[in-house]
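Residue-level structure breakdown
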Amino acid sequence: MNIFKNLNDAQREAVEVTRGPLLILAGAGSGKTKTLTHRIANLVVNHGVQPGEILAVTFTNKAAGEMRERLGNLLGGASEHATPGSAQGRLAEVTPSRSSSFSANSRNFFPYMGTFHSICVRILKIEAENLEHVPKNFVIYDDDDRQALIKRAMKELSIDDKQLKPRAVSSMISKAKNDCVGPDEFAAAANHPIQKAVAQIYARYERARRDTGALDFDDLLLETVRMLKNHPEIRQHWQGRFKYILIDEYQDTNAVQYKMVKLLVNKDKNICVVGDDWQSIYSWRGADFTNILNFEKDFPGAKVIKLEQNYRSTQPILDAAHKVITKNKNRTNKKLWTAIEQGEQVQITRLNDETEEAAMVAARILQRVSAGVRKFSDFAILYRVNAQSYAFERAFMQAHVPYRLVGGVRFYDRREVKDIIAYLRLLYQPNDLVSFNRIVNMPVRGVGEASLLKFNTYWANSGASIVEALVAADEDSGLTARARQNLNNLGNLLYLLRDKVENGTATPGEVVEELVKEIGYKEHLNDDTPQAEDRLENLGALISEAAHYETLDEFLNDVALLTSADEDTGDKDKVTLMTLHVAKGLEFPVVFVVGLEEGLLPHARVNDYTGDDSELEEERRLLYVGMTRAKEELIMTHASSRFVYGKRQYVLPSRFLEDLQEGAGNFFAGSTPANTFEDFEIQPYEVGDRVKSMQFGVGSVVDVDGLAVRVNFDDGVSKLLNVQYARLEKL
DNA sequence: CGGTTGCACTTTTTT
DNA sequence: AGTGCAACCG
């Protein structure tokens with residue numbers, strides 16, 4: 001097998017340089033994944049490296065799955081000869097086993113591959129017995145779980161959740177954790193009253209979370225870093241184990257992840273990071289692309305390789321994307337090039353509103369598909385916020401355009417699924433307070449606020465776990481006989497199921513089935529509502545999902561770490577709908593980037609009056625990412641008005657469209673030629689002005705709000721008009 | 001205790 | 001517009 005065949009010079013070099021620190025600056029579409037997989041294959045095949053000695057960190061579980069698949073293809077039958085790693089060396093389950101193209105037997109063959117989070121879970125589960133604050137059977141709290149606990153902490157501290165939003169507190173705590181700042185340090189640095197309040201909540205939250213046997217998303221990383229820092233022998237073990245480290249999307253690593261990398265790299269410094277600062281779009285969750293800019297400083301003597309040939313897009317698409325991104329000041333310099341010189345021109349189209357926008361897109365797709373030029377799966381619609389998908393879903397349904405929605409509500413976030421998962425978590429971790437609160441009266445078992453309060457007191461005094469307290473609750477608990485009976489039953493059920501899980505008499509699938517039957521959950525779901533059928537269907541899907549797992553432990557971990565983008569939506573012939581963030585790393589023959597308007601892209605929350613352009617630049621990178629997903633055709637749209645918060649608002653074209661216009665010449669084609677933007681001059685109107693509209697006749701201005709002007713026309717019609725588009729003339 | 005009704009808030013992006 | 005939460009009544 002020749003691993004180097006099919007690689008260009010830069011890619012080949014990136015594969016060949018196996019020793020020492022290596023930075024691969026990989027532009028969009030430059031064959032990054034290919035290079036990474038070839039690199040791993042080269043290590044294994046030509047350098048005698050055991051797969052288990054390689055750590056490969058990806059940004060999403062899906063990316064890990066893809067890399068695994070490509071590696072499998074590359075190595076072909078080699079897996080049969082591979083020596084299985086230790087028991088710990090099994091492949092991280094990143095997607096339910098059904099979607100993996102490999103049998104469970106081939107797992108040992110593969111490197112540690114996955115997201116930072118999933119890798120941390122694996123390491124922490126292994127090391128839990130050596131760690132004070134990490135129980136072996138920890139559960140993973142997602143954002144909702146964390147917020148529930150924060151709310152509770154705020155209530156206990158009598159902090160009004162209207163004045164200080166639990167969500168805001170949650171994100172402040174998250175930020176602190178991502179900066180490796182604990183509650184004490186946070187309190188010490190707090191001087192503003194809000195910070196002081198948050199410090200109190202933070203401390204209380206942490207205590208509650210620990211008592212409850214849970215780690216939140218950020219803890220997974222933080223506890224791993226703490227462990228590596230504070231336990232030299234553990235650090236040495238893992239440093240010795242991971243002889244080669246690869247990190248993809250390095251521009252999106254945050255402070256904790258950076259620290260972890262530094263702690264995991266051993267004296268040989270065989271670390272290879274791959275990334276592109278132009279595609280850094282996660283600073284809002286703490287990512288810091290200076291990590292990639294500073295790599296050479298962090299690892300002196302690092303080799304730097306640039307992958308600048310783009311294999312994905314045509315020249316016109318690349319030129320347009322380049323025009324946008326080069327408006328950013330804070331960035332590295334590079335020049336992508338493509339051998340595909342010929343191609344369709346980039347189009348910009350203006351529509352009246354989101355309905356027309358979606359209808360136009362649907363019509364265009366249908367036209368191309370029925371002409372036999374394209375298939376549905378060639379198309380992707382990319383937008384800034386999930387809410388934009390509604391209009392497209394409606395239009396596509398109407399036009400019978402098959403589509404798949406990536407992202408949005410996770411399967412595991414559906415209410416019925418979360419209920420059952422909460423039961424499973426509680427029987428797995430009998431102190432999981434958040435799960436207990438969720439299910440204690442679901443389905444209704446006559447335990448309301450008053451009973452719950454009594455039970456909580458009883459439980460707190462007992463010093464036992466929640467499940468133990470449920471079983472033990474007697475007359476002394478002060479509970480009414482009925483409530484006590486019901487709580488006892490709940491506890492007994494959880495005990496029974498836990499036993500079955502622990503001694504292996506029941507698989508996760510069987511446990512879920514028995515649970516559903518025992519609590520009468522199907523009857524509970526089967527109410528009169530029209531959604532009942534969907535819910536029952538989801539419940540069925542959950543049961544069959546659980547059936548793919550051997551242990552509850554594995555199942556719960558996957559449930560917690562899978563994102564909606566990881567969900568297998570099937571490879572049917574469908575148009576893809578997703579956010580720009582989710583689109584990173586993907587490519588499609590035809591891409592529509594929609595909603596290019598001020599307030600949407602750049603998003604309204606972007607601060608652009610402070611003189612700090614960093615947020616605006618991130619929005620621009622987001623557009624760049626979207627544009628560079630296109631292989632052959634790129635169409636960008638914007639609407640004149642849009643429904644926001646249930647109100648129709650007039651919106652301006654995105655300033656990023658002006659970036660594209662410069663030196664455009666005949667660059668653009670489509671229903672809106674580039675010169676649309678030339679007559680942008682806005683005439684000021686005042687209340688009382690007499691105006692004339694080509695469409696509506698003569699009238700008086702009665703209200704002015706920015707560019708939106710309300711005109712009462714003389715024929716009695718009142719219209720809200722955008723002065724940029726309504727062809728108004730001042731009289 | 002539990003269901004209903006009305007009101008407030010939402011929307012950035014995700015591991 | 002849809003959802004989630006608080007207050008109210010049966």
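Residues numbered from 1 in each chain as written. Chains lettered and ligands numbered in written order. Predicted model: local features only at pLDDT ≥ 70, side-chain atom pairs only at ≥ 80, totals over all residues. Heavy atoms only, no water.

Looking now at the packing of aromatic side chains. This structure, assessed with the given rule, holds 15 aromatic pairs. Relative to Tyr 282, the ring of Phe 59 lies with its centre 4.8 Å away and its plane at 50 degrees, an arrangement referred to as tilted. On the criterion of sequence distance, the pair formed by Phe 59 in the loop between strand 2 (54-57) and helix 3 (61-75) and Tyr 282 in the loop between strand 7 (271-275) and helix 12 (290-293) is long-range, its members being 223 residues apart. Residue classification places Tyr 282 among the buried positions, given a relative accessible area of 8%. Ring centres 4.9 Å apart and planes at 40 degrees place the aromatic pair Phe 295 and Phe 299 in the tilted group. Every member of this aromatic cluster is reached through a ring pair, and the members are Phe 59, Tyr 282 and Trp 284. The ring centre of Trp 278 lies 4.5 Å from the NZ or CZ of Lys 334, which sits over that ring. (Phe/Tyr/Trp six-rings, centres within 6.5 Å; stacked < 30°, edge-to-face > 60°. Helix = DSSP H or I, 4+ residues; strand = E, 2+ residues; numbered from the N terminus. Buried < 20%, exposed > 50% of the residue type's maximum accessible area, 1.4 Å probe, protein only. Lys NZ or Arg CZ within 6 Å of the ring centre and 35° of its normal.)

Strand pairing in a sheet relies on backbone hydrogen bonds. The paired strands run either parallel or antiparallel. Across the sheet, six strands lie side by side as 3-2-6-7-1-8; this open sheet has parallel pairing. In this open sheet, the two strands that pair with only one neighbour each are strand 3 (112-114) and strand 8 (303-307). For this sheet, the mean inter-axis angle between neighbouring strands, taken without regard to orientation, is 10 degrees. Sheet topology places strand 1 (residues 22-26) next to strand 8; five bridges connect them, and they run parallel. Note that in strand 8 the partner of Ala 26 across the bridge is Leu 307. (Pairing = 2+ DSSP bridges. Axes fitted to C-alpha atoms, helices over the stretch in contact; angles between N-to-C directions.)

What follows covers the sheet that holds strand 12 (residues 379-383). One open sheet accounts for six strands, arranged 11-16-15-12-14-13; its pairing is parallel. Edge positions in the open sheet fall to strand 11 (347-351) and strand 13 (403-405), since each of these has one partner strand only. Put simply, the sheet's adjacent strands are angled 20 degrees from each other on average, direction ignored.

A separate point is the packing of helix 8 (residues 193-211) against helix 9 (residues 217-230). Axes are the key here: two packed helices are described by the angle between their axes and the distance separating the axes. Remark: helix 8 packs on helix 9, axes separated minimally by 14 Å, with the N-to-C direction vectors making an angle of 85 degrees. Considering their axes alone, helix 8 and helix 9 lie roughly perpendicular with respect to each other. In contact with Glu 206, Arg 209 and Arg 210 of helix 8, helix 9 contributes Asp 219, Glu 223 and Arg 226. A class-by-class count of the residues in the contact of helix 8 with helix 9 yields no nonpolar, no polar and six charged. (Parallel < 35°, antiparallel > 145°, perpendicular 65-115°, else oblique. Contact = heavy atoms within 4.5 Å. Nonpolar A, V, L, I, M, F, W, Y, C, P; charged D, E, K, R; others polar.)

This part takes up the confidence of the model for chain A. Here chain A shows a mean pLDDT of 85. Residues at 70 or above account for 87%. Note that pLDDT drops below 50 for residues 664-683; the model gives that stretch 36 contacts with residues more than four away or on any other chain. (pLDDT = per-residue confidence, 0-100.)

Time to look at the protein's contact with DNA strand B. The local shell around DNA strand B holds 27 residues, among which Arg 384, Ser 451, Thr 563, Val 582 and Arg 605 are the closest. Of everything in DNA strand B that lies within 4 Å of the protein, sugar and phosphate atoms constitute 56%. Gly 448 has a polar backbone atom sitting 2.9 Å from a phosphate oxygen of DNA strand B. Elements with a contribution of two residues or more to the surface near DNA strand B: helix 19 (449-462) and helix 26 (580-583). Tallying contributions element by element places helix 19 first for the surface near DNA strand B, with three residues. (Near = heavy atom within 4 Å. Polar contact = N/O pair within 3.5 Å; in protein donor to acceptor, adjacent residues only side chain to side chain.)

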